[in-house]
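Take a look at the letters that make up each chain.
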Amino acid sequence: MGQSYRYQLGSKTYQFANLADLMAKASPARSGDRLAGVIAETAEQRAVAQLLLAEVPLKTFLNETLVPYEEDEITRLIIDEHDVQAFSTISHLTVGDFRNWLLTDATDTEKLNQVSPGVTPEMAAAVSKIMRNQDLILVAQKCRVVTSFRNTIGLPKRLSTRLQPNHPTDDVNGIAASMLDGLLYGSGDAVIGINPATDNVTQATRLMCLMDEVISLYEIPTQSCVLTHVTNTLECIENGAPVDLVFQSIGGTEKTNSSFGFNLAILAEAQQAALSLNRGTVGQNVMYFETGQGSSLSANAHHGLDQQTCEARAYAVARKFKPLLVNTVVGFIGPEYLFDGKEIIRAGLEDHFCGKLLGLPMGCDVCYTNHAEADQNDMDNLLTLLGTAGCSFVMGIPGSDDIMLNYQTTSFHDALYARRVLGLGAAPEFEAWLEKMQIMSNAGMACLSNHFPPAFAGTLSHSAVKHYHG
Amino acid sequence: MVEVTNMLIVDDEQAADSLITHNPWRQLRQFTAARIGIGRAGVSTPTRETLEFQLAHAQARDAVHTELDIETLQQQLNQLQQEFPQINSQQSLVLHSKAIDRVTYLQRPDYGRQLDEAGFASLKPHYTNTPYDLALVIADGLSAKAIHQNAVKFIASLLPLLLKEIPDFSLAPISLVNQGRVAIGDDIGEALNTRAVLMLIGERPGLSSPDSLGLYLTWSPKRGLTDDKRNCISNVRLAGLSYAAAAHKCLYLLSEARRLQCSGVAIKDRSTEKIIDSSAVQTSFLLDNNVDRKGVNGK
């Protein structure tokens, strides 16, 4: 089980059973760790755990696995594919030194990219636990992860959006109406991605065809994705459906993923199948993953780890398959894991930082449910912070209201707000398209055109709308 | 100060309205309940839409905290049972999870997934050596409103299908659960001895849908099953998936579960294939754009 950790504070001795216990106790407070029974019992115990964690050498994480190597294919992935060469730059550091190293001026984008393959998820999680929100923002902003399919995601001063035109019955015109709304507000450069109401191969294929035809007709430099189970997407590919990106929700332990009904071999098979279609024009990043703190505990598969460490381990899975996009769906899981706005904001910044440090194109579903203690103001805060941190993409939904998944995420308007106050643009290929289509008069300034874009005029003609009604 | 006030008063309606850029595609709301075509003040949401959103959020927050109306549900179920004398006519059972109240329920999902001791005791007399074909379990979940509005009506659509399609269909007594989550159906199914359990549960309320019913089918329910062993049908409500369509999906899933002796990811839901084939709308207005047709790949 590895060594225990002790700390003498005045007359009081603090003891932590092992590295996992120390990590959990050092985590900023959140309801999911309380639910799991791994949270620090007092504020002082947490602060002491952070002091102790800062003294742990980074090398320890290579020798002391938090989930047994023999039991877990993600641990094996992390250990077997660890890049010793990349690690050599930081191998002499403790967790506390690592924080200083990340913050130092000499550590620039290039250096971070060199070291990234040598950082394990546990190292990223550990250092994040002793970083303040501003540290998480500052370092993430220095990281650069650029990916591409039909456009380029993650360039400096860019903030992309996933257009999420969900509809509770997958009605084709309902989805198309939200798609049009989003496109006309400049949304959709990360992906046009639909969560289908029911997981079903026929339905998924129908939605893939719809998006493929819209993207072709309007020559939109973007990609589509139906967020169905990876085995469904594989079947769609076999049937000849137009699959751009393969989706899967992933977690940080093998047991979590088996509860989701997949393993690494299935992801590899799906990645190969999507690559064989050769549909990317700019690049070939063909995977879209979603994650979120709490999923391992929810599947009773957390091995006694805190939820943020489990989350960081999911990024090892993502990293293996060179995704176009990774999305931490931070406030979706509910108040039993992230209780309120404060916990959601902290988790969003942690996930974005850890993902970027590990080399992932990290975006965030800035969101909350109606049973959480959070509201629009909390989302404004997180969106602004993530925009500052260089977040790759956020969601775009009509009026923040997902009428299928029953939660609130960022609206098309929200993305324009963030782009304007932070001076961020869409993906360059998409930005050019927005101006060509006269959707925006000045895409760099997030200025929407005051006239209805002529290329879309036919869609609102009386006959077209009337014909398809009902 | 006086000048400013005067300015506001003399602003006529048209001038105030010109502060907002309206979206002509708002008319597409005929296709969706999504908040499309909101318009904008600058790039921001106009005042009225912002405040309407807050009202909807307030209503959804209230829905989370509404209690299950057990008495009315029992009355409705009694009436329903009289229409189907072939099936189990026992009074529905009232059960409670280990979550004693809503605050506990929200923070301790593990309690919501487990039946309390009194519940296990009350199920004992209903245990059968010959397993029931199906147990129906109704739980408040995150919206009792969803149960009040949809549960009994959905069951009324489902029962005739089951009786018609499954020979000698046997139904366990219906359970009503306070502060319940999906997995509590495993405890109940195991305690009753049933081949399958169908949970009817209030989904987390959305802004536009505080009343959405979720259905979860689990074959051979027993404690400790994970969610990959379940099949889900979502958004059953008047403005969502119809009771009839949901009942057909349920029948399909249950038939497949009976055939394969399992449920979950092993069953691919193809129940909508027929519905899709007969549907008139295969394409969309967005693809019927007379202005620019180049790029259409000939479908």
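The structure presented is a predicted model; accordingly, all values stated were derived computationally and were not measured.

Draft legend 1. Summary view of the overall build of chain B. Scanning chain B from N- to C-terminus turns up 11 helices and 6 strands. Here chain B holds 299 residues, and 44% of them are scored as buried.

Draft legend 2. Spatial organisation of the overall build of chain A. Check the secondary structure of chain A and you find 22 helices and 16 strands. C-alpha extents for chain A along the principal axes are approximately 80 × 45 × 45 Å. When the 470 residues of chain A are sorted by exposure, 62% land in the buried category. Of the contacts formed within chain A by residues at least 6 apart in sequence, a portion of 75% connects residues at least 24 apart.

Draft legend 3. Seen up close, the interface of chain A and chain B. Contacts between chain A and chain B engage 72 residues on the former and 67 residues on the latter. Elements that contribute at least two residues to the side of chain A that touches chain B include exactly α2 (31–36), α11 (172–184), α12 (201–217), β13 (401–402), β14 (407–408), α20 (412–422) and α22 (462–468) of chain A. When the residues that make up the side of chain A that touches chain B are grouped by side-chain class, the tally is 33 nonpolar, 28 polar and 11 charged.

Draft legend 4. Quick look at the pairing of strand β2 (residues 12–16) of chain A. Residues and elements named next belong to chain A. In terms of strand pairing, strand β1 (residues 5–9) meets β2 through 5 bridges, oriented antiparallel. The residue of β2 that forms the bridge with Q8 is T13. Counting the residues in the hairpin turn of β1 and β2 gives 2 residues, including G10, whose phi is positive at 60°.

Draft legend 5. The arrangement of the nonpolar core in detail. In this structure, V246 and Y288 of chain A are the most contacted members of the largest nonpolar core, which totals 162 residues. Beyond its immediate sequence surroundings of up to four residues, Y288 of chain A is in contact with V191, G193, C225, L245, V246, F247, P323, L324 and L325 of chain A. In terms of nonpolar packing, the next biggest core, distinct from the first, is built from 56 residues, L134, I147, A246 and I267 of chain B among them.

Draft legend 6. Fine view of the sheet that holds strand β3 (residues 175–178) of chain B. All names here are of chain B. One open sheet holds the 6 strands; their spatial order is β1-β3-β2-β4-β5-β6, and the pairing between them is mixed. Looking along the sheet, the strands with just one partner apiece sit at the ends: β1 (93–96) and β6 (230–236). Between one strand and the next, the sheet's axes are offset by a mean angle of 20°, whatever the strand orientation. Relative to β3, strand β2 (residues 135–139) runs parallel, the two being bridged by 3 bridges.

Draft legend 7. Layout of the confidence of the model for chain B. All names here are of chain B. Overall, the predicted model of chain B reaches an average pLDDT of 87, with 87% of residues at or above 70. Residue range residues 1–11 is modelled with pLDDT below 50. Its contacts to residues more than four positions away, or to other chains, number 1 contact. Scored below 50 in pLDDT, residues 273–281 makes 7 contacts in the model with residues more than four places away or belonging to other chains.

Draft legend 8. Spatial organisation of the environment of T256 of chain A. All names here are of chain A. Position of T256 relative to the elements: it lies in helix α14 (residues 254–259). For the pair T256 and Y315, spaced 59 residues apart in sequence, the C-alpha separation works out to 13 Å. Not counting residues up to four positions away in its chain, the partners in contact with T256 are G251, S295, S296, A299 and A301.

Draft legend 9. Fine view of helix α3 (residues 43–54) of chain A. For α3 of chain A, spanning 12 residues, the distance from its first C-alpha to its last is 17 Å, which sits close to the expected 16 Å at 1.5 Å a residue. If you follow the buried residues of α3 of chain A, they end up packed against β1, β2, α1 (19–25), α7 (95–103) and α9 (121–129) of chain A.

Draft legend 10. Structural detail: the packing of α9 of chain A against helix α18 (residues 341–357) of chain A. All names here are of chain A. It is the contact of α9 with α18, at a shortest axis distance of 10 Å, that shows an interaxial angle of 140°. One finds that α9 runs oblique with respect to α18. For the crossing formed where α9 meets α18, the hand is right-handed. Judged by residue contacts, A124, A125 and S128 of α9 engage E350, F353, C354 and L357 from α18. Considering only residue class, the contact of α9 with α18 consists of 5 nonpolar, 1 polar and 1 charged.

Draft legend 11. View of the packing of helix α13 (residues 230–238) of chain A against helix α15 (residues 264–277) of chain A. All names here are of chain A. For the pair α13 and α15, interaxial distance at closest approach is 10 Å and the crossing angle is 30°. As for how α13 packs across α15, the hand of that crossing is left-handed. Contacts from V230, T231, T233, L234 and I237 in α13 reach I266, L267, E269, A270, A273, A274 and L277 in α15. For the contact of α13 with α15, the per-class residue count stands at 9 nonpolar, 2 polar and 1 charged.

Draft legend 12. The pairing of β6 of chain B, seen in detail. Residue and element names in this part refer to chain B. Burial of β6 is extensive: 6 of the 7 residues sit out of reach of the surface. As defined by bridge partners, strand β5 (residues 213–219) adjoins β6 across 5 bridges and the pair is classed as antiparallel. Following the sheet pairing, Y216 is matched in β6 by C232.

Draft legend 13. Just helix α5 (residues 73–80) of chain A, in detail. All names here are of chain A. For α5, the complete set of buried residues consists of I74, T75 and I78. For α5, the arc enclosing every buried residue in end-on projection is 100°, short of the 170-degree limit, so these residues lie on one face. As for α5, its buried residues are in contact with α9, α14 and α17 (307–320).

About the cut-offs
Residues numbered from 1 in each chain as written. Chains lettered and ligands numbered in written order. Predicted model: local features only at pLDDT ≥ 70, side-chain atom pairs only at ≥ 80, totals over all residues. Helix = DSSP H or I, 4+ residues; strand = E, 2+ residues; numbered from the N terminus. Buried ≥ 20, exposed ≤ 12 C-beta atoms within 10 Å, placed from the backbone. Contact = placed C-beta atoms within 7 Å. Nonpolar A, V, L, I, M, F, W, Y, C, P; charged D, E, K, R; others polar. Pairing = 2+ DSSP bridges. Core = buried A, V, L, I, M, F, W, Y, C linked by C-beta atoms within 7 Å. Axes fitted to C-alpha atoms, helices over the stretch in contact; angles between N-to-C directions. pLDDT = per-residue confidence, 0-100. Expected span 1.5 Å × (residues − 1). Parallel < 35°, antiparallel > 145°, perpendicular 65-115°, else oblique. Left-handed = near helix turned anticlockwise from the far one by under 90°. Arc of directions from axis to C-beta.

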